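Residue strings, one per chain:
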4 protein chains.
Amino acid sequence: MILPDIQNTTPEFKIPIDKVGIKNLKYPIKVLDRNKGLQATIGEFNIYVDLPSRFKGTHMSRFVEVLNEFKDEIHIKNIGMILKKLKERLNAKSAHLEVFFPYFIEKKAPITNALGLMEYQAFVKASLYSKIKEGEDLILGVKVPVMTLCPCSKSISKFGAHNQRGLITIAVKFKKFIWLEELIEIAEKSASSPVYPILKRPDEKFVTEKAYENPKFVEDVARTVAEKLLSRKEIYWFSVEVENFESIHGHNAYAFLEIKRD
Amino acid sequence: MILPDIQNTTPEFKIPIDKVGIKNLKYPIKVLDRNKGLQATIGEFNIYVDLPSRFKGTHMSRFVEVLNEFKDEIHIKNIGMILKKLKERLNAKSAHLEVFFPYFIEKKAPITNALGLMEYQAFVKASLYSKIKEGEDLILGVKVPVMTLCPCSKSISKFGAHNQRGLITIAVKFKKFIWLEELIEIAEKSASSPVYPILKRPDEKFVTEKAYENPKFVEDVARTVAEKLLSRKEIYWFSVEVENFESIHGHNAYAFLEIKRD
Amino acid sequence: MILPDIQNTTPEFKIPIDKVGIKNLKYPIKVLDRNKGLQATIGEFNIYVDLPSRFKGTHMSRFVEVLNEFKDEIHIKNIGMILKKLKERLNAKSAHLEVFFPYFIEKKAPITNALGLMEYQAFVKASLYSKIKEGEDLILGVKVPVMTLCPCSKSISKFGAHNQRGLITIAVKFKKFIWLEELIEIAEKSASSPVYPILKRPDEKFVTEKAYENPKFVEDVARTVAEKLLSRKEIYWFSVEVENFESIHGHNAYAFLEIKRD
Amino acid sequence: MILPDIQNTTPEFKIPIDKVGIKNLKYPIKVLDRNKGLQATIGEFNIYVDLPSRFKGTHMSRFVEVLNEFKDEIHIKNIGMILKKLKERLNAKSAHLEVFFPYFIEKKAPITNALGLMEYQAFVKASLYSKIKEGEDLILGVKVPVMTLCPCSKSISKFGAHNQRGLITIAVKFKKFIWLEELIEIAEKSASSPVYPILKRPDEKFVTEKAYENPKFVEDVARTVAEKLLSRKEIYWFSVEVENFESIHGHNAYAFLEIKRD
């Protein structure tokens with residue numbers, strides 16, 4: 001029995017669709033890890049192609065099929081290949097892939113060297129268009145929890161200073177590969193202090209004092225990250241977001257900047 | 001045309017169902033406000049009844065119909081009536097209603113008296129059983145963001161102390177009505193400092209110094225809240241949860257206790 | 001005692017910041033309602049200004065102060081005024097406001113006319129720049145849950161067809177005011193069927209049969225919405241997103257298109 | 001330098017705390033997989049102990065240290081050991097561990113056998129008290145997305161029937177180990193149809209028709225799961241939750257039941 005292919009029929013309204021595909025598909029992946037080579041983790045995927053005005057629908061099952069073909073080899077080096085296959089298999093002019101995943105790094109406490117695993121939310125967003133613009137459409141990003149201590153509070157108070165967990169989101173486009181570890185390091189060095197999975201008392205003392213001596217507004221953090229990213233010539237575009245879960249308010253403080261290099 | 005009532009037929013497996021109904025229904029409500037009498041807000045409802053083993057299904061549309069009949073009069077004083085109507089309309093032995101809603105209180109900054117609105121997430125959970133046990137099954141609760149400053153960090157550090165936003169969740173059963181405002185006051189007085197919608201510099205100085213002089217672990221906060229609730233004789237059960245968004249970690253610190261009075 | 005104004009000092013890195021301000025502030029608001037004039041609801045605000053490279057920080061308390069001054073008059077007609085005040089009070093060249101809020105419309109069941117309240121998530125995003133470009137930077141949007149029935153499934157199956165809840169997100173820029181109610185109507189007419197708060201059995205029969213006779217892919221829904229928006233000359237930009245919580249998969253189907261009129 | 005141990009001092013209010021510890025800690029884990037032996041995934045942990053009234057605070061860093069010691073060996077067989085170590089290390093009378101994790105199973109499409117990976121959210125909740133009650137306090141659970149087709153809609157409509165994605169949550173306590181795969185199978189066999197990662201057209205036809213021939217209310221699904229769990233004598237307690245993302249409403253339908261065997 002031949003089942004009709006409704007997707008290939010003509011739509012009522014001939015309007016091209018920018019992106020059509022699947023959202024929130026979870027899939028185990030491997031990502032490049034500076035120390036271990038590869039790290040196994042779990043990705044949440046959004047995958048789209050464009051749809052010309054003459055086709056009623058795309059073929060949703062093929063998106064998952066393409067992922068399946070790469071199976072144990074879904075990592076950043078293969079994303080160009082995945083997009084290429086998606087474009088081919090779906091007869092599309094453009095293909096887009098977004099994947100969000102937890103990434104773990106072993107981290108030592110600053111004084112006792114107590115080891116623990118820190119988790120970071122990372123992401124890759126990639127697009128492939130008909131005319132390939134090399135590297136141009138890959139964004140690598142990561143969210144890094146940090147500690148920020150308020151310069152105003154420190155300056156006006158007899159003792160103490162309010163501080164809080166903040167979240168730095170860095171996204172970059174680059175000409176030469178950059179490790180997630182490098183972006184994380186940039187973020188952690190730009191705040192009042194990094195945060196840690198394990199802190200024994202001597203470590204907690206160190207972190208508390210370090211943050212107190214190193215006060216930063218969200219604005220300061222965003223600019224410090226930007227300054228460090230500007231010094232990396234292989235990065236030709238980036239955005240920095242900093243969100244502070246203010247300890248003195250129920251709402252958050254926020255800063256955002258975006259720089260495209262000439 | 002008479003449409004068959006499938007719900008009233010006999011199910012394949014004659015197993016009674018504890019709770020059946022609707023979830024995540026949003027509805028505008030009025031809640032009791034100590035200052036203004038009534039406050040308009042928006043509730044998210046879960047509403048259930050039990051279903052005896054002999055009926056295949058409940059009648060989902062009646063849950064919304066009952067809410068509709070109360071329309072502008074959905075507040076805590078009417079919850080008993082709503083549950084009673086639900087039980088009747090659905091021929092049930094028990095009825096359950098949970099509603100979660102934002103609640104606003106005007107709050108002054110501690111020094112400048114700058115006025116702003118603080119939002120708290122509040123909730124009511126109520127059950128009515130066949131034999132009415134007066135008052136016994138109503139829980140009133142609220143989540144209160146606060147500031148906590150770590151006693152350990154303060155004690156071991158030359159200067160400063162890590163602090164962060166925490167969230168206190170209080171739930172109570174009572175014999176005599178208690179205002180949300182009272183629970184919020186108890187929570188805010190049990191932390192290192194309340195948080196505020198607006199703080200000018202003199203206020204920020206005050207809050208910073210107050211928190212520094214008033215360090216509290218999550219455990220301390222939970223116990224202080226409990227101590228205050230124990231002094232209120234009209235409360236015969238309560239639970240206290242405290243969650244700290246630790247400024248030195250990516251994960252949270254947590255304490256929970258529950259006390260039922262004899 | 002004069003407290004130092006750290007925000008007004010010079011930053012270490014003189015990099016301009018695109019957006020700085022507050023996030024996730026909840027505040028009661030009034031929004032324009034086609035039937036009732038005004039509807040009271042609760043907004044979640046993000047409010048930002050730009051920060052020139054020469055200033056270390058913005059003054060976060062002023063964002064909430066400005067909101068407070070408008071208090072009971074926070075609705076779409078006043079957004080231009082709010083942005084203007086923000087720009088002035090914070091000495092900024094640009095100001096941005098995003099507000100997300102639940103919006104309720106009374107809705108009749110299609111056959112029995114049973115009345116209930118439907119909730120929609122709506123939003124406004126507005127920006128004001130130094131040189132005012134009239135109307136250009138206001139986006140009005142709404143998320144509308146609908147029912148979609150799969151044309152492929154219907155066409156290939158002997159009976160039945162898989163269907164599911166979908167969510168249409170419309171965002172528009174316009175030259176002449178458009179009601180949320182109009183956007184909602186466009187969305188609901190573009191799916192296989194609207195969804196309803198209350199359906200009695202004759203209504204459920206009607207909706208089931210209507211959806212079966214009116215199958216739509218996410219692509220069809222997106223295009224039908226686009227076609228309807230294109231016929232409204234006062235709209236000069238729009239985007240349409242459709243997400244289907246596929247009943248046959250654990251992941252979602254998705255379509256997106258954006259059109260800017262010449 | 002010896003840093004003071006504030007946690008070991010006496011609290012202001014001598015109230016025992018039921019649970020104190022850490023929340024939302026992400027950590028890579030291995031879980032038992034019926035086909036592959038072990039499956040690598042990522043857990044989100046809540047870990048608590050009790051705190052007697054005489055101690056001011058617990059030692060938060062030790063929770064993460066204990067996890068670290070098990071590192072690559074965090075799976076269900078070791079949970080008893082982890083709890084034991086927690087109790088010892090923290091001098092507690094009880095220890096509690098909750099872990100939530102995505103779990104993947106390779107799944108064939110029903111007709112074409114197209115292979116894909118299905119993701120399920122699973123969880124383990126375990127407690128250890130001073131007097132060990134063997135096995136008594138371990139709960140294994142899983143959330144299974146399924147398809148449900150409304151019996152009422154089918155019965156009253158000329159053609160078609162509304163259907164939707166539903167989510168079944170099963171939690172069990174057992175005397176003899178049960179695989180997650182078994183719980184998932186029970187859930188998938190209790191709905192109108194399982195859902196799949198990949199469906200080609202012949203599969204979609206099959207699923208559509210199967211669901212149409214197999215209509216189920218949330219109540220029916222809950223009871224069918226319960227019936228199947230009752231036939232497994234090694235299970236001495238279970239709860240079943242079913243939530244339908246109704247395709248004809250903006251809110252959800254819900255059923256819950258809990259059975260403790262004598």
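All values reported here derive from a predicted model rather than from experimental measurement. (Residues numbered from 1 in each chain as written. Chains lettered and ligands numbered in written order. Predicted model: local features only at pLDDT ≥ 70, side-chain atom pairs only at ≥ 80, totals over all residues. Heavy atoms only, no water.)

(A) Fine view of the interface of chain C and chain A. On the chain A side, the residues contacting the 52 residues of chain C number 52 residues. Across the chain C to chain A interface the summed buried area is about 4200 Å²; carbon plus sulfur atoms make up 60%. When residues of chain C are sorted by the area they lose upon contact with chain A, C:Ile15, C:Arg223 and C:Tyr254 head the list and together hold 17% of the total. If you look at where chain C meets chain A, you find two salt bridges. Note that A:Lys56 is salt-bridged to C:Asp220, the shortest N-O span being 2.9 Å. (Contact = heavy atoms within 4.5 Å. Buried area = accessible area lost by both parts, 1.4 Å probe. Salt bridge = Lys/Arg side-chain N within 4 Å of Asp/Glu carboxyl O.)

(B) Quick look at the pattern of salt bridges. Counted according to the given criterion, the structure contains 52 salt bridges over all chains. A:Asp5 is the partner of D:Arg201 in a salt bridge, and the nearest nitrogen-oxygen pair spans 3.9 Å. With D:Arg201 in helix H5 (residues 201-212) and A:Asp5 in the segment before strand S1 (17-33), this pair bridges two chains. Exposure remark for A:Asp5: the relative accessible area of 22% places this residue in the partly exposed category. Shared partners join several salt bridges into a network, and the residues in it are A:Arg34, A:Glu185 and A:Lys189. (Helix = DSSP H or I, 4+ residues; strand = E, 2+ residues; numbered from the N terminus. Buried < 20%, exposed > 50% of the residue type's maximum accessible area, 1.4 Å probe, protein only.)

(C) Structural context of the side chain of B:Gln7. Tracing the backbone through its elements, the reader meets B:Gln7 in the segment before strand S1 (17-33). Note on B:Gln7: relative accessible area 9%, which makes it buried. B:Gln7 has contacts with B:Phe55, B:Lys56, B:Gly57, B:Thr58, B:His59, D:Cys152 and D:Phe217, leaving out every residue within four places of it along the chain.

(D) Quick look at the interface of chain D and chain C. Contacts between the two partners involve 37 residues from chain D, matched on the other side by 37 residues from chain C. In total, chain D and chain C occlude about 3000 Å² of area from one another, counting both sides; carbon and sulfur atoms represent 59% of this. In terms of surface lost to chain C, no three residues of chain D exceed D:Phe159, D:Arg165 and D:Ile248, which account for 21% of the buried area on that side. At the surface where chain D touches chain C, the tally comes to zero salt bridges. Linking chain D with chain C are 27 residue pairs in polar contact (both at pLDDT 80 or more). Residue assignment for the side of chain D that touches chain C shows that the elements contributing at least two residues are strand S5 (138-149), helix H3 (151-156), strand S6 (163-174) and H5 of chain D. (Polar contact = N/O pair within 3.5 Å; in protein donor to acceptor, adjacent residues only side chain to side chain.)

(E) The arrangement of helix H1 (residues 60-70) of chain B in detail. Counting buried positions over the 11 residues of H1(B) gives eight, a clear majority of the element. Of the residues making up H1(B), those classed as buried are B:Ser61, B:Phe63, B:Val64, B:Glu65, B:Val66, B:Leu67, B:Asn68 and B:Phe70. Turning to H1(B), the residues buried within the fold contact S1, strand S2 (37-51) and helix H2 (79-89) of chain B together with strand S4 (115-128) of chain C. Positioned one or two residues after H1(B), B:Lys71 has a phi angle of 30°, which is positive.

(F) Looking closely at the relation of the copies chain C and chain A. The two copies are related by a screw operation: chain C maps onto chain A through 180° of rotation and 0.0 Å of translation along the axis, at an RMSD of 0.0 Å. Here the two chains are linked by the operation of a two-fold rotation axis. Judged by C-alpha distance, C:Glu258 is the residue of chain C that lies nearest the rotation axis, at 11 Å. (Least-squares fit on C-alpha atoms with pLDDT ≥ 70 in both.)

(G) Layout of the pairing of S1(B). As paired elements, S1(B) and S2(B) share 13 bridges and run antiparallel to each other. Directly across from B:Ile22, in S2(B), lies its bridge partner B:Ile47. Between S1(B) and S2(B), which follow one another and run antiparallel, lie three residues. Pairing of S1(B) with strand S9 (residues 252-260) of chain D, which is carried by five bridges, proceeds in the antiparallel orientation. The residue of S9(D) that forms the bridge with B:Lys19 is D:Phe256. (Pairing = 2+ DSSP bridges.)

(H) Here's a closer look at the relation of the copies chain D and chain C. When chain D is fitted to chain C, the residual RMSD is 0.0 Å, and the transformation amounts to a turn of 180° plus an axial shift of 0.0 Å. By residue overlap, the copies meet face to face through one surface: 100% of the interface positions of chain D are interface positions in chain C.

(I) Structural detail: the pairing of strand S8 (residues 235-244) of chain D. All names here are of chain D. For S8, the buried fraction is high: nine of the 10 residues fall into the buried class. In terms of strand pairing, S6 meets S8 through nine bridges, oriented antiparallel. Paired with Ile170 across the bridge in S8 is Val240. Here eight bridges tie S8 to S9, and the two strands are oriented antiparallel to one another.

(J) Structural context of H2(B). All names here are of chain B. For H2, the full list of buried residues reads Ile79, Ile82, Leu83, Leu86 and Lys87. Down the axis of H2, the smallest arc covering the buried residues is 135°, so these residues share one side. Buried residues along H2 sit against S2, H1, strand S3 (95-108), strand S4 (115-128) and strand S5 (138-149). In the segment just after H2, Asn91 is the residue with positive phi, at about 50°. (Arc of directions from axis to C-beta.)

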